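# Structure at a glance
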Amino acid sequence: MASIDLVGAYARNSLDLLSDPDSNMRMQQVRDLLAGQSWFDVRMTRFGLEGYTPMHWPRLADIVPAGFIWALTPLIGREMAEVVTVTSVPMLYRVPLFFVCIWAAHRIVPSVTTRVVGLAALVLLIQLPFLHIHFRPGLIDHHNLQMIALAVLIGGFVGIRTLKSGVIAAVGLVFGLVIGFDAVPYVASAILALGLLWVFDPQAEQRFLKGFGYGTLALTALCAPIFIPQPWTNVWCDSWTVPVAAILFSSGGVAVLMATWLGNLPHWWQRLFAAILVGGGVLAGLVLLFPACLNPLPLQDPLIDKYWMSGITENSSLSKLVGASGSVVFIWLLPIVALIYFVYSIWLGRLTLEATLPALGMVAVGLLFSAAVSRGIPMLSLATALILTPLLAQFFSQAKSHKFAILFVCASLVFAAGSTIKSIVMPDKTWVTLVDGVRIPEETDAAFCLKPEDVAALRRLPPGLMIAPFGPSEFILRQTLHRTSFAGYHRAKDDNLWVIRWLIAQPEVAKSMLNEHHPRYVFTCKFDTHFKFMAESDPNSFVARLVQDKPPGWVKPVAELSGGGRVYEIFPTK
């Protein structure tokens, strides 16, 4: 599957595989580290109106790509080392994902052999395309590692919970949050499910809670000095900093209390009340200490919502996606069917509720989360795989059924290869954008006006701050020595807001705003829809004049790009 994805990516001529904006910025962060930037300094150089931007990505996800590049550079050179790294690392991450899924599913159905569970996992992982989104060649961002950590967490929570599985679940929890925060709803669902089971049978969960609690305390104490960026006084609640470490440390303490003192309370309602009181008290205390954590992502400005957040597909709700394409609803049908069948298997006695409730909670929350924000779809696919694999394994354990499974795997691979060949020979219309009668494949150098000759032209310009649309901006940051400041990254909110106001302002107002910040270039592309959408609000705005090729007198073209693209240099004194 990884090889098929690789062939498809190269066939689409996608920006040397790194068309993903986050992966472009990740590569720049890795480069800064290899260039000697402090491990504890997570400011991205050359990004931002002031020349740097603090990132919310701790160094953990930098280790593997940085290690690959460092090891390969003496053998094949730095440029080729980066190409091999961005190609191979996401594909290699599928290996631990595969084995973690087997381990987690096997904990639910320990009576089935590991080989049969692995076969069931293989069938499902091939058949869930959205599970592979973050494992495609070029995607070196943190989401793939986060999904592996989530599978480790859920695997520890399901099945027969022991001291050892509690420690393993703590590994998934702590390292998952060190990597990123996208999985928080799923983590909360698993913890809530465990809490409900503990309320009614505390003795059964005692050993697991001890492992989970002490493991969380130990790993948090270990990871705090290693991954928290300096200075420690930074109160960033969207990444691994002191507030988040304090929350995890407190959670570990609460788990230990539940395993010891709170577990000795005689009545279920007393345990429920005590858990709510202790947990609520801890959260209230942390909010009082770190009030900024009440709103870690302040992105409510109307201009940001209109010209940024509303245009990002992964922020779209289910209703919006279904309105655009009715076939999208099938993404949610499989998890719903799997959930119903899973509950039915519990009713038949094939599975137990106690062993599987955390996984059920994960799927239920995944359905709600991905319906509100489509970025939750890959993790919903992971949750679906974790509850379907045990069911499929039970079926494959029957006589001769595994032979059918092997044939099914082979047929699936043939189908996937055929689909890729078809997409190369006859591209699907959903993968192209129609602009002025010209059909351009999405996420390609032609769509971004960034063919190799265009990148060469940009490199010939003296380095300076270049304002470009989302997508090209991050690519320019990685491929040239220019600075950029406009990207779909939430810590760049204030910079993005200034750029939006500058672009939609009247030309003379935009000129006066150059007293605040001093961009040197503006990058435009005929096929870009971002700047065009901004220009539609006011045909006399600065960005509209650029899109119409009628720039004001204080900018002049300095580079012509393919596809009608152009770079303007700014001369505010004219």
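Here's a quick rundown of the structure.

The rules behind each value
Here, residues in each chain are numbered from 1, in the same order as that chain's written sequence. The predicted nature of this model means local features are confined to residues of pLDDT at least 70 and side-chain atom pairs, given and counted, to a pLDDT of 80 or more, with totals for whole chains, interfaces and linings taken over all residues. Excluding hydrogens and water, the side-chain values take into account all heavy atoms of the structure. Per the convention used, a helix needs a DSSP run of H or I reaching at least four residues, while a strand needs a run of E reaching at least two, with both numbered from the N terminus. Radius of gyration here uses only the C-alpha atoms, and the compact-globule reference equals 2.2 Å multiplied by the residue count raised to the power 0.38. Residue contacts are counted whenever heavy atoms from the two residues lie within 4.5 Å of one another. Here the open area of atoms and residues is found with the Shrake-Rupley method and a 1.4 Å probe, where only the protein chains shown may cover a residue. Here the nonpolar core consists of buried residues drawn from Ala, Val, Leu, Ile, Met, Phe, Trp, Tyr and Cys, with membership extended through side-chain atoms lying within 4.5 Å. The rule is simple: take the accessible area with a 1.4 Å probe, protein chains only, and divide by the maximum for that residue type; under 20% is buried, over 50% is exposed, in between is partly exposed. The convention used is that axes are lines fitted to C-alpha atoms, helices contributing only their stretch in contact, and that angles between N-to-C directions extend from 0 to 180 degrees. Orientation is classified from the angle alone, with under 35 degrees giving roughly parallel, over 145 giving roughly antiparallel, 65 to 115 giving roughly perpendicular, and any other angle giving oblique. Here is the rule for handedness: rotate from the far helix to the near one, and if that takes an anticlockwise turn smaller than a right angle the crossing is left-handed, while a clockwise turn gives right-handed. All amino acids are sorted into three groups, where Ala, Val, Leu, Ile, Met, Phe, Trp, Tyr, Cys and Pro are nonpolar, Asp, Glu, Lys and Arg are charged, and the leftover types, Gly among them, are polar. Pairing of N or O atoms within 3.5 Å defines a polar contact, subject to two protein rules: one partner must be a possible hydrogen donor and the other a possible acceptor, and residues neighboring in sequence count only if both atoms are side-chain atoms. Note that patches include only residues with greater than 30% relative accessible area and no salt bridge, and the join distances are 9 Å for like charges and 5 Å for nonpolar side chains (Val, Leu, Ile, Met, Phe, Trp, Tyr). The rule for a salt bridge is simple: a side-chain nitrogen of Lys or Arg has to be within 4 Å of a carboxyl oxygen of Asp or Glu. At least two bridges found by DSSP between two strands are what make those strands a pair. Centre distance within 6.5 Å is the pairing criterion for rings of Phe, Tyr and Trp, where only the six-membered ring of Trp is used; planes under 30 degrees apart are then read as stacked, over 60 as edge-to-face, and the remainder as tilted. Working definition: a disulfide is two cysteine sulfur atoms within 2.5 Å of each other.

### Brief notes about the overall build of the protein chain
The number of helices and strands found in the protein chain is 24 helices and nine strands. In summary, the protein chain has a C-alpha radius of gyration of 25 Å against a globular reference of 25 Å for 574 residues, a match within 12%. Overall, the protein chain is about 80 × 60 × 50 Å in size when its C-alpha atoms are taken along their principal axes. Within the protein chain, residue pairs in contact and separated by at least 24 positions form 70% of the contacts whose partners lie at least 6 positions apart. A total accessible area of about 25,300 Å² is found for the protein chain, and carbon and sulfur atoms account for 67% of it.

### Some remarks on the nonpolar core
Of all hydrophobic cores here, the largest spans 92 residues; its most connected members are Leu150, Phe212, Trp240 and Leu382. When residues in this core are grouped by element, the largest group, 12 residues, is from helix H17 (residues 377-396). If we ignore the near neighbours within four places in the chain, the residues touching Leu382 are Leu97, Cys101, Leu131, Met147, Leu150, Ala151 and Met362. Judged by nonpolar contacts, the second largest core, of 31 residues, contains Tyr307, Val499, Val522 and Trp554.

### Quick notes on the packing of helix H16 (residues 353-372) against H17
Think of two packed helices as two axes; the pair is described by the angle between the axes and how far apart they sit. Two elements in contact, H16 and H17, have axes whose closest approach is 9 Å; the angle formed by their N-to-C orientations is 155°. Classed by the angle they form, the pair H16 and H17 counts as roughly antiparallel. When you trace H16 past H17, the crossing you get is left-handed. Residues Ala359, Met362, Val363, Gly366, Leu367 and Ser370 of H16 lie in contact with H17, whose contacting residues are Ile377, Met379, Leu380, Leu382, Ala383, Thr384, Leu386 and Ile387. Of the residues belonging to the contact of H16 with H17, the class tally is 11 nonpolar, three polar and no charged.

### A short note on the side chain of His530
On the secondary structure map, His530 appears in helix H23 (residues 530-536). Within the structure, the side chain of His530 is placed 3.5 Å from the backbone nitrogen of Phe470, a separation counted as a polar contact. Excluding residues that lie within four positions of it along the chain, His530 makes contacts with Tyr307, Pro469, Phe470 and Phe486.

### With respect to a nonpolar patch on the surface
Together, Tyr10, Leu75, Ile76, Met80, Val83 and Val84 make up an exposed nonpolar region whose accessible area comes to about 540 Å². Those elements that provide at least two residues to the nonpolar patch are helix H3 (63-76) and helix H4 (78-92). Broken down by element, the nonpolar patch gets its largest block of residues, three residues, from H4. Positionally, Met80 belongs in helix H4.

### With respect to the environment of Asp538
Mapped onto the elements, Asp538 comes out in the loop between H23 and helix H24 (542-547). Beyond its immediate stretch of four places on either side in the chain, Asp538 contacts Gln506 and Ala544. Polar contacts involving the side chain of Asp538 include one to the main-chain amide nitrogen of Asn540, which spans 2.9 Å.

### Digging into the pattern of salt bridges
Scanning all chains against the criterion turns up 14 salt bridges. As a salt-bridge pair, Glu569 and Arg520 come within 3.1 Å of each other at their nearest N and O atoms. Taken together, the residues span a long stretch of sequence, with Glu569 in strand E9 (residues 566-570) and Arg520 in the loop between helix H22 (507-512) and strand E7 (521-524) at a distance of 49 residues. On the basis of relative accessibility, which here comes to 14%, the residue Glu569 falls in the buried class.

### Examining the pairing of strand E8 (residues 555-560)
Note that E8 and E9 share five bridges and pair antiparallel. Along E9, the bridge assignment pairs Ala559 with Val567. If you look at the hairpin formed by E8 and E9, you'll find five residues sitting between the two strands, and Gly563 has a positive phi there, around 65°.

### Structural notes on the packing of aromatic side chains
Inspection of every chain in the model, using the stated rule, returns 17 aromatic pairs. Here the aromatic rings of Phe208 and Phe212 are separated by 5.9 Å at their centres, their planes lie at 5°, and the arrangement is stacked. Separated by four residues within a single helix, Phe208 and Phe212 lie in helix H10 (residues 206-227), roughly one turn from each other. Across the pair, exposure class does not vary: Phe208 and Phe212 are buried alike.

### Regarding the state of the cysteines
Here the structure, examined in full by the defined rule, presents two disulfides. Here Cys237 pairs with Cys293 through a disulfide, and the sulfurs are 1.9 Å apart. Here the S-S torsion is close to -65°, and the disulfide linking Cys237 with Cys293 is therefore left-handed. In this pair, Cys237 sits in the loop between H10 and helix H11 (242-259) while Cys293 sits in the loop between helix H12 (268-289) and helix H13 (302-307), placing the two residues 56 residues apart along the sequence. Two residues, Cys449 and Cys525, share a disulfide whose sulfurs are 2.0 Å apart. Note on the Cys449 and Cys525 pair: the S-S dihedral is about 70°, so by sign convention the disulfide is right-handed. Residue Cys449 is located in the loop between strand E4 (438-441) and helix H19 (452-460), and its partner Cys525 is located in the loop between E7 and H23; the two are separated by 76 residues in the primary sequence. Taking relative accessible area as the criterion, Cys525 reaches 9% and is therefore assigned buried. Free of any disulfide, Cys223 has its nearest cysteine sulfur in Cys237, 18 Å distant.

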